[in-house]
Amino acid sequence: MAWLRSFLYMVFLSITVIPYAFACILWAPLPLRLRYKLTVGWPRLAIWGAKVFCGIRWQVKGWENLPDKPVVLLSKHQSAWETLFFPAHMPRPVCFVYKKSLHWVPFFGWGLALLRMIPIDRAKGRDAFEQVVREGGKCLDDGRWPLLFPEGTRVAPGQMGRFKMGGALLASRTGAPVVPVALNAGECWRRNAFVKQPGLVTVSIGPAIESQGLTPDELNAKVHAWIDAEMRTLNPERYGQR
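For the structure given in this document, a descriptive report is provided here. All figures in this text were calculated on a predicted structure; none of them were measured in a lab.

1. Things to note about the overall build of the chain
For the chain, the helix and strand inventory stands at 9 helices and 7 strands. Over its C-alpha trace the chain gives a radius of gyration of 18 Å, about what one expects of a compact globule, namely 18 Å for 242 residues. Expressed as lengths along the three principal axes of its C-alpha atoms, the size of the chain is roughly 50 × 50 × 35 Å. For the chain, buried positions account for 52% of its 242 residues. Put simply, the chain shows about 11600 Å² of open surface, and 59% of that area lies on carbon and sulfur atoms.

Right, here's the structure in full:
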């Protein structure tokens, strides 16, 4: 049954993303804020579809920790689910840091390319870090929230990847606070797994961590510590014995 529900969900995504991609091209001349609101209709639809077809429900802890000012979001990364959830449900437009090669993905990549986020070439090393800081600063000035996954890739439940420095550098250079986010979407939607499992995803938003007075390493360590501790709370059966 889970396989059939997952198959129907993939069909649903395929038949909805194509018209949405062409619509993105049609409304490309519109102002960015309006274009963003229209484009994130598809991620919202995808999150809704995951609940209807696959039984993936969600809840959020800590909405009150999101300040009404520029912040950098640094999130745990387990699944493709959160890449759909954040633009669909955050109270401000988010600005992802992602591989520039995603622009070549048919339909999905077209809409992504039109949102003026932060595409990078990871092979450029230090230059990529500088691009994150430069373009992330522009996002903050525009009232958007840069959102980075410091682990750099999806990490299986029960594991913590090494945190990269891009998000901490951006926050330190701009003086913006960091809001850490823990989540357990990988319990339902594993990396590269076709079959999705029903369940409840919890997105836990932590208190803002001020970047001023901290080095990027110190800031990164604080974010890592909060996310690691919160993951043990969300899934103690996986993290509690570490």
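2. Quick notes on the nonpolar core
Membership of the largest hydrophobic core comes to 66 residues, with the highest contact counts inside it found for Tyr 9, Val 72, Leu 73, Trp 81, Phe 86 and Met 90. With near-sequence residues (within four places) excluded, Phe 86 lies in contact with Ser 75, Val 94, Phe 96, Leu 147, Phe 149, Val 181 and Leu 183.

3. As for the sheet that holds strand S4 (residues 118-120)
Pairing in this open sheet of 7 strands is mixed, and the strands run S1-S7-S6-S2-S5-S3-S4 from one edge to the other. Each edge of the sheet is formed by a strand with only one pairing partner; in this case those strands are strand S1 (56-61) and S4. On average, each strand axis in the sheet is tilted by 20 degrees relative to the strand beside it, whichever way the strands run. One ladder, built from 3 bridges, connects strand S6 (residues 178-183) with strand S7 (residues 199-205); its direction is antiparallel. In the strand pairing of S7, Val 181 is matched with Ile 205. Contacts from helix H7 (residues 166-174) reach strand S2 (72-75), strand S5 (145-148) and S6 within the one sheet, and its direction differs from that of S2 by about 160 degrees.

4. Points about the state of the cysteines
Considering all chains together, one arrives at 1 disulfide under this definition. The residue that forms a disulfide with Cys 95 is Cys 139, at a sulfur-sulfur distance of 2.3 Å. Highlighted residues: Cys 95 in strand S3 (residues 94-99) and Cys 139 in helix H6 (residues 126-141), separated in sequence by 44 residues. The same class applies to Cys 95 as to Cys 139, namely buried. The thiol sulfur of Cys 54 is not disulfide-bonded, and the nearest other cysteine sulfur, from Cys 188, lies at 9.6 Å.

5. As for unusual backbone geometry
A positive phi angle, near 60 degrees, is found at Asn 192, a position not held by glycine. Checked against the element boundaries, Asn 192 lands in the loop between S6 and S7. Here Asn 192 falls in the exposed class, since its relative accessible area comes to 67%.

6. Notes on the environment of Leu 115
Looking at the element boundaries, Leu 115 is found in the loop between helix H5 (108-113) and S4. For the pair Leu 115 and Lys 37, spaced 78 residues apart in sequence, the C-alpha separation works out to 10 Å. For Leu 115, the residues in contact, after removing those within four places along its chain, are Leu 32, Arg 35, Tyr 36, Thr 39 and Arg 144.

7. Brief notes about the environment of Arg 35
Within the element layout of this structure, Arg 35 appears in helix H2 (residues 32-39). In the structure, Arg 35 is positioned 135 residues away from Leu 170 in sequence and 25 Å away in space, judged by C-alpha atoms. The residues touching Arg 35, leaving out its near neighbours within four places in the chain, are Trp 27, Ala 28, Leu 30, Leu 114, Leu 115 and Arg 116. A distance of 3.1 Å separates a polar atom in the side chain of Arg 35 from the backbone oxygen of Ala 28.

Conventions adopted
- Residues numbered from 1 in each chain as written.
- Predicted model: local features only at pLDDT ≥ 70, side-chain atom pairs only at ≥ 80, totals over all residues.
- Heavy atoms only, no water.
- Helix = DSSP H or I, 4+ residues; strand = E, 2+ residues; numbered from the N terminus.
- Rg over C-alpha atoms; globule rule 2.2 N^0.38 Å.
- Buried < 20%, exposed > 50% of the residue type's maximum accessible area, 1.4 Å probe, protein only.
- Areas by Shrake-Rupley, 256 points an atom, 1.4 Å probe, with all protein chains shown as cover.
- Core = buried A, V, L, I, M, F, W, Y, C linked by side-chain atoms within 4.5 Å.
- Contact = heavy atoms within 4.5 Å.
- Pairing = 2+ DSSP bridges.
- Axes fitted to C-alpha atoms, helices over the stretch in contact; angles between N-to-C directions.
- Disulfide = S-S within 2.5 Å.
- Polar contact = N/O pair within 3.5 Å; in protein donor to acceptor, adjacent residues only side chain to side chain.

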